[in-house]
Amino acid sequence: MKDTKLNTSIEFIKGIGKIRAKILKDEIGVKNCFDLLNYYPYKYLDRSRFYKINELTDSNIYVQIIGVFKNISYKKSGNKYRIEGVFFDGEKSIKVLWFKGLSWIEKSIILKSKYVLYGKLNWFENSPSFIHPDFEKFESFRKKSINLQPVYSTTEKLTNSGISNKYFIKIIKALFNFLGNQFDENLNESLNKKYNLISPKLAYQNIHFPSDKKSLEDARYRLKFEELFFNQLKFKLTHSMVKNNSSGYYFPNVGINFNSFYNENLNFELTSAQKRVVKEIRKDFSSKKQMIRLLQGDVGSGKTIVALMSMLISIDNGYQTCLVAPTEILAFQHFNNIKNSLKDLAINIKILTGSTKRSDRRIILSELFDGSLDILIGTHALFEDNVVFKNLGFAVIDEQHRFGVKQRSKIWKKNNPPPHILIMTATPIPRTLTMSLYGDLDLSIIDELPPGRKDVITVRRKDSNRLKVFGFLKDQIKKGRQIYIVYPLIEESKKMDLKFLKDGYESILREFDQNKYSIGVMHGRMKTPNKDFEMKQFSEGKTDILVSTTVIEVGVNVPNAAVMIIENAERFGLSQLHQLRGRVGRGKYDSYCILMTKDKISDEAKIRIDAMVETNDGFRISEVDLKLRGPGDILGTQQSGILDFKIADIIQDENILSDASKDASKLLKNDPKLILNENYNIRRFILNNPINKSWKEIG
Ligand code: ADP
Ligand code: MG
């Protein structure tokens, strides 16, 4: 694209200039012609429909009427003048008002001549009027034959700088003039034929200025297909290049560590899903290629043990291994569990987090470097450049949706060739999302819970029933169970941050006699040793009730905890609720999740609560979540960029995604390096397009 006009700064488009170019760049990131061309309208107003004044109701927002001005006259209120016009459609009249540019209005309007009036209806004392509508001679309107008028999203700053919708229409028209016939075809002929795709030029013209609904649909289809196709191609290309190019560590042996753990220390039978996944990983380990595998499994499905056994294989083959968790609490929990599980084996295991003491850190780094440390568990502190392994062979990343892509890639650089990678995620991601996020990343799914697990009985209780709930808690404690009570964090307001927790804690103290009950409290702002202490007390059964914020959300595992109370449950997102619920139902006891809410909650909150009450199935939950929030939110801002599609919508366009994915696979199978003539365009687009810069690094 170096030599095409698409790279030209928009400054040189007629009507833009330096100043506005800068505003457009700052406000909406539109820098060059390519960006502007791809700044699609977010909706279209139907200008093929004409209204009669008689049928106007307040539900019509923008309307268009044909008629004549019967009269215009100056009016004065205070010392301000306005023009009032009377516009007549043959049956009825409507008032039209102007407050600015009066002399121009007066000069322009020709009475009794046919006009198209177009604007937002204004309602005053039950009668409609227009304020500053567009108007145009009927003859010239007819010649232009616009049916659907594009509406571009603007910001307040843009509008204030005179960059209105009208202005967008003007500069995009100028852009088409400037570009002439320079529209690259990025796909190949067989795809165009197979899906009947219209030409790129037509697609761009019709997405901005559609002549009718059908041509808009065709344009959309083409652009969506192209976008999703390149999304899929990118993943598959990266993946296949990685697979073909980067050799991986060869772990042929299942040795003493794995075997003695499996035979002597594992005190339960693996589920068949777990066995299957271990097999999949072992196969990758002996393929001599790098493994990049996503392990999905609902909360409590037993991903950790699978990871641990794989780590033992790495050690058996003489390679170090690490496990990265998103929070310190979780890292410590993994550390304690794993250390305990491996206590009979001669394995050196350490933990590294942001709060590791300097002296300990020095020891860890030196053991890591000389190879005497076998397993390093930690938080993102482990990504830092000065954490150097002697020979890292395998890295496990837990709860990966919490890490940014950039962070994740740091682990790759810890050895050369890069280590095998297992990414574990407890938040089940719907299939469409996985596909558009990871492309062909190898996927393992644990779709079976360990035996004996029962669904967590989930109910909604209103604040007004609190006393009954407290009574229930006392019963449970009498039976020997433990309880979590979770309060929301109010992230927007630093001051309010811990208010819910504090108030809640105090009310629990009032209700539960301290001589009889032991109550702990934990939140993210506490120092690590204090958090560890609270967590330890709870996991050893010394605390009956743990009052907490969502710091316990991920991964915490205390099988004796049988009740999860979520306060202000209406404030939590669905996946968070599901994660929290996953903290209970981990032992042999009947478990409960009680969603406390205000008496009245919003419709959307109700959908979330109902979904929780209805099902324990994480995949179902994630589908409801995806529908409610859209993909960007589900992944958090860190990753939403990956899903920043310009036009495609991975939920609505699931079928196009699926087609595009199949075609991308087929194409790469025939032409893995994209060197065939027929795929020249595709290759050129990938190598030259600014949005694909990162692909360049790949090859
Ligand atoms: P998650 O997939 O959410 O990370 P964990 O790995 O923490 O789940 O496992 C949850 C609990 O289930 C742990 O206490 C673990 O020891 C136990 N567990 C895992 N696999 C099995 C199994 N096959 N049979 C019985 N218990 C199991
Ligand atoms: Mg886990």
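Sequence order as written defines the numbering, with residues in each chain counted from 1. For this description, chains carry letters from A and ligands carry numbers from 1, given in the order in which they are written. It should be noted that, the model being predicted, local features are given only for residues of pLDDT at least 70 and side-chain atom pairs only at 80 or more, the latter also being counted only at that level, while totals for whole chains, interfaces and linings use all residues. For side-chain calculations, the full set of non-hydrogen atoms in the structure is used, while hydrogens and water are omitted.

Participant: What is the right way to look at the pairing of strand β14 (residues 420–425) in this model?
Facilitator: Along any regular strand, the residues point their side chains to alternate faces of the sheet. Classification of residues uses two cut-offs on accessible area relative to the type maximum, computed with a 1.4 Å probe and protein chains only: under 20% is buried, over 50% is exposed, and between them is partly exposed. Think of it this way: any DSSP run of H or I at least four residues long counts as a helix, any run of E at least two long counts as a strand, and we number them from the N terminus. Counting buried residues along β14, 6 of its 6 residues qualify, which places the element largely inside the surrounding structure. Side chains H420, L422 and M424 of β14 all project onto a buried face; the interleaved residues I421, I423 and T425 project onto the opposite face, where all are buried too. Both strand β9 (residues 292–297) and β14 contribute to a ladder of 5 bridges, which runs parallel. Among the inter-strand pairings, L294 is bridged to a residue of β14, identified as I423. A pair of strands is considered paired only if DSSP assigns at least 2 bridges between the two. As judged from the 5 bridges shared by strand β13 (residues 392–398) and β14, these two strands associate in the parallel manner. The residue bridging D398 from the neighbouring strand is M424, located in β14.

Participant: Is there a simple way to think about the site of ligand 1 in this case?
Facilitator: We define proximity as follows: a residue is near a molecule or strand when any one of its heavy atoms falls within 4 Å of that partner. Neighbouring ligand 1 are 16 residues, the closest being G300, K303, T304, R453 and N557. One of the side-chain nitrogen or oxygen atoms of T304 is found 2.6 Å away from an oxygen atom of ligand 1. Here an oxygen atom of ligand 1 sits 3.4 Å away from a polar atom, N or O, in the side chain of R586. Alone, ligand 1 offers 560 Å² of accessible surface; in the complex the protein occludes 82% of this. Only Asp, Glu, Lys and Arg are considered charged, only Ala, Val, Leu, Ile, Met, Phe, Trp, Tyr, Cys and Pro nonpolar, and every remaining residue, Gly among them, polar. Looking at side-chain class alone, the shell around ligand 1 contains 4 nonpolar, 7 polar and 5 charged residues. Whenever two N or O atoms come within 3.5 Å, that pair is a polar contact, provided that in protein one can donate a hydrogen and the other can accept it, and provided that, for residues adjacent in sequence, both atoms are side-chain atoms. Surface accessibility follows the Shrake-Rupley procedure with a 1.4 Å probe radius. Residue values consider only the protein chains on display as shielding.

Participant: Help me understand the side chain of T597, please; the structure alone is not making it clear to me.
Facilitator: Looking at the element boundaries, T597 is found in strand β21 (residues 592–597). Judged by relative accessible area, which is 1%, T597 ranks as buried. One polar contact links T597 to R460, side chain to side chain, over a distance of 2.9 Å. Residues count as neighbours in contact if any of their non-hydrogen atoms are within 4.5 Å of one another. Excluding residues within four positions of it along the chain, T597 makes contact with R460, R461, K462, D463, A569, E570 and I609.

Participant: Can you help me understand the sheet that holds strand β11 (residues 349–352) in this one?
Facilitator: Pairing in this open sheet of 7 strands is parallel, and the strands run β11-β12-β10-β13-β14-β9-β15 from one edge to the other. The strands lining the two open edges of the sheet, one partner per strand, are β11 and β15 (442–446). With direction set aside, neighbouring strand axes in the sheet form an average angle of 20 degrees. Where β11 and strand β12 (residues 375–378) come together, 4 bridges link them in parallel fashion. Within the sheet, the bridge partner assigned to I351 lies in β12 and is I377. Between N-to-C directions, angles cover 0 to 180 degrees, with each direction set by a line fitted to C-alpha atoms, over the stretch in contact for helices. Contacting β9, β10 (320–324), β12, β13, β14 and β15, helix α12 (residues 303–316) runs over the sheet at an angle of about 170 degrees to β13.

Participant: I would appreciate a short explanation of the packing of aromatic side chains in the present structure.
Facilitator: For any two aromatic rings, the description comes down to two numbers: the centre-to-centre distance and the angle of the planes. Classification of ring pairs uses Phe, Tyr and Trp, with its six-membered ring standing for Trp, and accepts pairs whose centres are within 6.5 Å; under 30 degrees between planes counts as stacked, over 60 as edge-to-face, and the remaining range as tilted. Scanning all chains against the criterion turns up 29 aromatic pairs. Ring geometry for Y39 versus Y152: centroids 6.4 Å apart, planes at 15 degrees, classification stacked. Of the two residues, Y39 is situated in the loop between α2 (33–37) and β1 (43–46) and Y152 in the loop between β8 (148–151) and α5 (156–160); the sequence distance between them amounts to 113 residues. Relative accessible area serves as the criterion here: at 2%, Y152 is assigned to the buried category. An aromatic cluster is present here, built from F69, F87, W98, W104, Y115 and F135 joined pairwise through their rings. Sitting above the plane of the Y118 ring, R47 keeps its charged end 3.7 Å from the centroid. Placement of a charge over a ring requires the Lys NZ or Arg CZ to be within 6 Å of the ring centre, with the centre-to-atom vector within 35 degrees of the ring normal. Over the ring of Y250 we find K288, and its NZ or CZ is 4.6 Å from the ring centre.

Participant: Help me understand the nonpolar core in this model?
Facilitator: Among the nonpolar cores identified, the biggest contains 40 residues, and F261, V306, L342, I375, F394 and L422 are the most heavily contacted of them. Secondary structure elements with two or more residues in this core: α10 (256–265), α11 (272–285), α12, α13 (328–341), β11, β12, β13 and β14. For F261, the contacting residues outside a window of four places in its chain are L266, I305, L308, M309, L312, S341, L342 and L345. In terms of nonpolar packing, the next biggest core, distinct from the first, is built from 37 residues, I16, Y39, Y44 and A219 among them. By nonpolar core is meant a set of buried Ala, Val, Leu, Ile, Met, Phe, Trp, Tyr and Cys residues that side-chain atoms within 4.5 Å join together.

Participant: Would you mind going over helix α17 (residues 466–478) with me for this structure?
Facilitator: Counting along an α-helix, one turn takes 3.6 residues, and residues three or four places apart therefore face a common direction. Here the expected length of a helix is defined as 1.5 Å per residue gap, with one fewer gap than residues. Between its terminal C-alpha atoms α17 stretches 19 Å, which fits the 18 Å expected from 13 residues at 1.5 Å a residue. Of the positions making up α17, those classed as buried are V469, F470, L473, Q476 and I477. What you see down the axis of α17 is that its buried residues fit within an arc of 115 degrees, all on one side. Exposed and facing more than 90 degrees away from the buried side of α17 are L467, K468 and K478. Residues of α17 that are buried in the fold lie against β16 (457–462), β17 (482–486), α18 (499–511), β19 (545–548), β20 (561–566) and β21. Positive phi appears at G480, one or two residues downstream of α17, with a value of about 100 degrees. The arc refers to the directions leading from the helix axis to the C-beta atoms.

Geometric descriptors of this kind do not, in isolation, establish any biological role.
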